[in-house]
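Take a look at the letters that make up each chain.
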Amino acid sequence: MSLPAGAGNRVITARYDGTWAGLADAPALPPAAAVLVQDNTEAVRAVWQAATTPRETLIAAATRVGDEQAQELRESGLAVVRSDAVEPPLAEREPEAGRVWLLTSGSTGRPKQVAHTLESLTTVGGDQPRRTWLCPYATGAYAWWQIVTLSLALPDQDVLFVEPSELDRWPQMAVDAGVTAASGTPTFWRQALFRSGDVLAGLQLEQITLGGEPVDQAILDTLREVFPKARISWIYASSEAGAAIAVHDGQAGFPAAWLERDTPGRPRLTVQDGELVIASAKAAEGMDAAIRTGDRAEIVGDRVLITGRIASDEINVGGSKASASKVRGVLLDHPDVRWAAVRGRKAPLVGQVVMAEVVLADGSAVTDADLTAWCAARLPDYSVPRRLRVLPEIPIKETLKSDV
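Nothing here was measured: the structure is a model prediction, and the numbers come from that model. (Residues numbered from 1 in each chain as written. Predicted model: local features only at pLDDT ≥ 70, side-chain atom pairs only at ≥ 80, totals over all residues. Heavy atoms only, no water.)

### Remarks on the sheet that holds strand β19 (residues 303-309)
Just so we agree on the cut-off: Only strands joined by at least two bridges in the DSSP assignment are considered to pair. Each helix is a run of DSSP H or I of at least 4 residues and each strand a run of E of at least 2, with the numbering of both proceeding from the N terminus.
Read from one edge to the other, the open sheet built from five strands follows the order β15-β19-β18-β17-β16, with strand pairing classed as antiparallel. Sheet topology places β15 (254-255) and β16 (268-272) at the edges, where each strand pairs with a single neighbour.

Now the structure itself:
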């Protein structure tokens, strides 16, 4: 196999600072392997072998795979490779050269495997300006692979990888490494602005990307204020559907004119019964021609807004259906609210009530009563939060999503 075009790009992890090609001396992996890594240093070594030798590879953080699932991986014909041991496959078969397995987010249960190739994971091409990217995503996640394949496929695309334990201090790490492009969830960006706004403002960002959660207008506007010269994009992507939507106009949602549009090389987007449905050539193998995403899509004027997961958005309050995403949007519209999460909580008689958690701006004197009144003026009575809890900081998981 020829070397990738990005072989000379710089790769920075907690234990490595060199080029992709400099990883060539790593110990050889089995030809079909699930590599369960402790950190990004181990991960990028496995990536380089996947990109330069004919093999079948799954890369994931060791914490994501339990003993039972590791056993199933071995039974499927993959060796399980850990930092201190290699467990051989329990079924003999020929490796599927070029196969790259990803684990889904596991939001509906234990993570499952979906099949890709480096080509299907590579969604950025053509001439790109020289950039140093920040990659804070969980190792092996689809968004992680998006930055990895960008750096492998194109020259002048360096990467700084951030470990979960480093999320509190990534802004200073990014400044030190000269990061000019960064990708993260809205929660990731809100937390950074809340904790490290002064340091973050010192970053010379040319490209900001958001995805992984509903992207609202408030966070887009805030990032525009802090980084007036950056191009701000939001991307809709998933392990199953691939990268399907990219918006660069600074507005939440995507143009309604994109629905049911048949354009060569682009996914076909539809809304069916309030759910976003995608047909894409970049989808994982074995998916239906039209993938039901499970995400609620609302057509508002000339935009289509992605508001959240259908399964968790509806809160049944005494027979009335409150929308968690709508309540959250109202709370985020309050000038003193920096972050909000909304969910249902069991209650006698009515079944559920709406509960909200918020993080307020530093020095805010807003009370629970103030926020309740704010919501009452904008929502039907059954949607007004009956319980409000103020958190001291924005919670975040390894997935960069809110820990709620």
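### Describing the layout of surface pockets
The following threshold applies: Buriedness of a pocket was judged along seven lines, with at least five required to meet protein on both sides within 12 Å; pockets are open sets of points on a 1 Å grid over the protein atoms alone, cavities are sets where a 1.4 Å probe fits but cannot get out, and lining residues have an atom within 4 Å of a point. Grid points are joined across faces, edges and corners, and a volume is the space filled by probe spheres set on the points.
Within this model, the second largest pocket holds a volume of roughly 440 Å³. As for the second largest pocket, its lining consists of 18 residues, and the residues nearest its centre are L193, A218, T222, V337 and R338. For the lining of the second largest pocket, the secondary-structure elements that each account for two or more residues are α6 (186-201), α7 (217-226) and β22 (337-347).

### Points about helix α5 (residues 170-177)
We count it as follows: The buried label goes to any residue with under 20% of its type's maximum accessible area, the exposed label to any with over 50%, and the partly exposed label to all in between, with areas taken from a 1.4 Å probe on protein chains only. The directions from the helix axis to the C-beta atoms are what the arc is built from. The contact criterion used is simple: two residues touch if any of their non-hydrogen atoms lie within 4.5 Å.
W170, P171, M173 and A174 are the residues of α5 that are buried. Buried residues of α5 fall within an arc of 160° about the axis and therefore sit on the same side. Its buried side turned inward, α5 meets β9 (131-135), β10 (157-161) and α6. Of the residues flanking the end of α5, it is G178, one or two places downstream, whose phi is positive at about 70°.

### A short note on the environment of R224
For clarity, the threshold we go by: Side-chain atoms alone can form a polar contact between residues adjacent in sequence; in general such a contact is a pair of N or O atoms within 3.5 Å, and within protein one must be able to donate a hydrogen while the other accepts it.
You can see R224 is positioned in helix α7. Residues R224 and I208, 16 residues apart in the sequence, show an inter-C-alpha distance of 9.6 Å. In this view, R224 contacts K229, A230 and I232; residues no more than four positions away in its chain are not counted. Engagement of the side chain of R224 in a polar contact is seen with the backbone oxygen of P228, the distance being 3.2 Å.

### Some details on the sheet that holds strand β12 (residues 207-211)
Formally: Between N-to-C directions, angles cover 0 to 180 degrees, with each direction set by a line fitted to C-alpha atoms, over the stretch in contact for helices.
Strand order in the open sheet formed by eight strands is β2-β1-β10-β9-β11-β12-β13-β14, with mixed pairing between adjacent strands. In the strand order of this sheet, the two ends are held by β2 (16-19) and β14 (242-247), each with one partner. The average angle at which neighbouring strand axes cross in this sheet is 20°, direction not considered. In this structure, β9 lies alongside strand β11 (residues 181-184), joined through two bridges in parallel fashion. The partner of L134 across the bridge, within β11, is A182. Packing against the sheet, helix α1 (residues 40-52) makes contact with β1 (10-13), β2 and β10, and its axis sits at approximately 150° to β1.

### A closer look at the nonpolar core
The line we're drawing: By nonpolar core we mean a set of buried residues, namely Ala, Val, Leu, Ile, Met, Phe, Trp, Tyr and Cys, connected to one another through side-chain atoms within 4.5 Å.
In this structure, W20, W144, W145, W170, W189, L210 and F254 are the most contacted members of the largest nonpolar core, which totals 82 residues. When neighbours within four sequence positions are excluded, F254 is seen to be in contact with W234, I245, V247, L259, L269, L276, D302, R303, V304 and I306. If you look at the next biggest cluster of nonpolar residues, it comprises 22 residues, including V330, A340, V366 and V384.

### Structural notes on the packing of α1 against helix α4 (residues 142-153)
Defined as follows: Put simply, angles under 35 degrees are roughly parallel, angles over 145 are roughly antiparallel, angles from 65 to 115 are roughly perpendicular, and the rest are oblique. By convention the crossing between two helices is left-handed if the near helix lies anticlockwise of the far one by an angle smaller than a right angle, and right-handed if it lies clockwise. Gly is put with the polar residues, along with every residue not named as nonpolar or charged; the nonpolar set is Ala, Val, Leu, Ile, Met, Phe, Trp, Tyr, Cys and Pro, and the charged set is Asp, Glu, Lys and Arg.
In contact at an axis separation of 12 Å, α1 and α4 are set at 55° when each is read in the N-to-C sense. On the basis of the axis angle, α1 is oblique to α4. Seen from above, α1 lies across α4 with right-handed handedness. Across the interface between the two elements, N40, A43, V47, W48 and A51 from α1 touch W144, W145, V148 and L152 from α4. When grouped by side-chain class, the residues that make up the contact of α1 with α4 number eight nonpolar, one polar and no charged.

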